[in-house]
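Per-entry structural report
Each chain, letter by letter, is given below.
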Amino acid sequence: MEKEGSADSGGPGSGFLRGERSNHQPAFVELFFDLVVVFALNRVVATGTAAMERAGVEVRWYGFLHGILLILPLLWVWSTTAYVTARFDPRRTPTRVLVLGTSLGVLFLGAAAPTAFDGGALIFAGVYLALAVGRSLALYWMLRQHPIRRLYLRVLAWSGVSAVPWLLGAVTHAGFFRTLLWVIAISIDFGAARLGWPVPRLGRGRITVWVKAAEYLADRYRQLMMIALGESILAVGIAYTGEDGLRSLTETTALVVAFLTTVLLWRIYSHTAGELFGIAVRSAEDPGRLGLVAQAAHIVMILGVAATAVGHELVQTHPTGHTYLSWLGAILGGPATYLAGRILLEWLVFSRVSRLRLLGIATLLALAVPLALAPPLAAAAVVPMVLLVIAFADTRRAARNPGETPRPPA
């Protein structure tokens, strides 16, 4: 597995790459891109909520799966954009244009999300593929004779491979086959990146950008987590707000529960692995591999936050009455998924598995059985109680071990 070129390689096209002394603080164009991602995330969450409110058990579970299939391409576009701005100087005009073009594509992705599994499937898949192919072509052209341009040629080749199931799924009228084909397509995108986009005669590479920009990428993923948590508040706030101002006591209670849950999710993330994982990646024996683990952990956590946001919207609009199992999948399964990703991040930073978080997951899953007989608000109210125990234990551990330093696994 070969290493990709860097700014030190010189040659035509290297002027767009960051230098060794480049300022790795996020530029304004990146923050603007994040604002567009907030809109797209909101549309995906709203789409998942609407699908899970429909009649029919199969339809609701399909809505749950479809929400995951819509958010994964969005997260992949965000992650690959973060890798681009980690390599290329976002203060240079070509990079700015590239990020702004990606922002426009993400805007269309968000707008197409509500109809992605209906009449707008071809638009959603087409925009996603246009982003993947267009960006690879642009970077290949910008780099001219620089050795790193082979990376984007390989990415382009694998984008062509994943384009087949993406487009076949978009044109098929059978919902099951569209779902299956898009599962295959997004698996190809993530799997090819994990393998280094191997192509005959062009070889394969590894993502070495984590070696040079670990702290920068850590900051970007922390910002992505804040985006996801902020969108959760945005979604439930919109569901709560009405023309008459404040709602009933039950709906207000649901809003407070959603707020407390989001605050505790933030606390559990940032204390303390969320603050130190950039240092852990930078000091690891293989920063590239550990960086990929950090990326995977954040994707899992954000999937959990998005599912939790769907659960909050469902509770906000249906606080009493019957609780469907698919709704429990969002209300309880979302936080459980988040904790699973946080366990992975804890292992990455401190080489340990959090037993308390495992117990928290088991508790949430076990409570799904009795809570299926309770109203949605009661199920949602249990979540911050479980998270509060975990947050309190984290605080006690930090008090016993002040100044704990990262110990990434070998």
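Criteria and thresholds
Residues numbered from 1 in each chain as written. Predicted model: local features only at pLDDT ≥ 70, side-chain atom pairs only at ≥ 80, totals over all residues. Heavy atoms only, no water. pLDDT = per-residue confidence, 0-100. Contact = heavy atoms within 4.5 Å. Helix = DSSP H or I, 4+ residues; strand = E, 2+ residues; numbered from the N terminus. Axes fitted to C-alpha atoms, helices over the stretch in contact; angles between N-to-C directions. Parallel < 35°, antiparallel > 145°, perpendicular 65-115°, else oblique. Left-handed = near helix turned anticlockwise from the far one by under 90°. Nonpolar A, V, L, I, M, F, W, Y, C, P; charged D, E, K, R; others polar.

1. Some words on the confidence of the model for the protein chain
- Mean pLDDT over the protein chain: 88, with 92% of residues reaching 70 or higher.
- Contacts for the low-pLDDT stretch residues 5–12, under 50 throughout, to residues beyond four places or in other chains number 18 contacts.

2. Observations concerning unusual backbone geometry
- Residue Thr272 is bonded to the preceding His271 through a cis peptide linkage, with omega at -10°.
- Looking at the secondary structure, you find Thr272 in helix α9 (residues 249–283).
- At Trp197, a residue that is not glycine, the phi angle is positive and equals roughly 50°.
- Following the sequence through the fold, Trp197 ends up in the loop between α6 (175–195) and β2 (205–206).
- Positive phi values are uncommon outside glycine, yet Ser351 reaches one of about 55°.

3. Points about the packing of helix α13 (residues 355–371) against helix α14 (residues 376–400)
- The geometry of α13 relative to α14 is characterised by a closest axis approach of 11 Å and an angle of 165° between their N-to-C directions. Classed by the angle they form, the pair α13 and α14 counts as roughly antiparallel. For the crossing formed where α13 meets α14, the hand is right-handed. Note on element contacts: α14 touches α13 through Ala378, Ala379, Val382, Val383, Val386, Val389, Ile390, Ala393 and Asp394, opposite Leu356, Arg357, Gly360, Thr363, Leu364, Leu367 and Leu371.
- Taken together, the residues that form the contact of α13 with α14 break down as 12 nonpolar, 2 polar and 2 charged.

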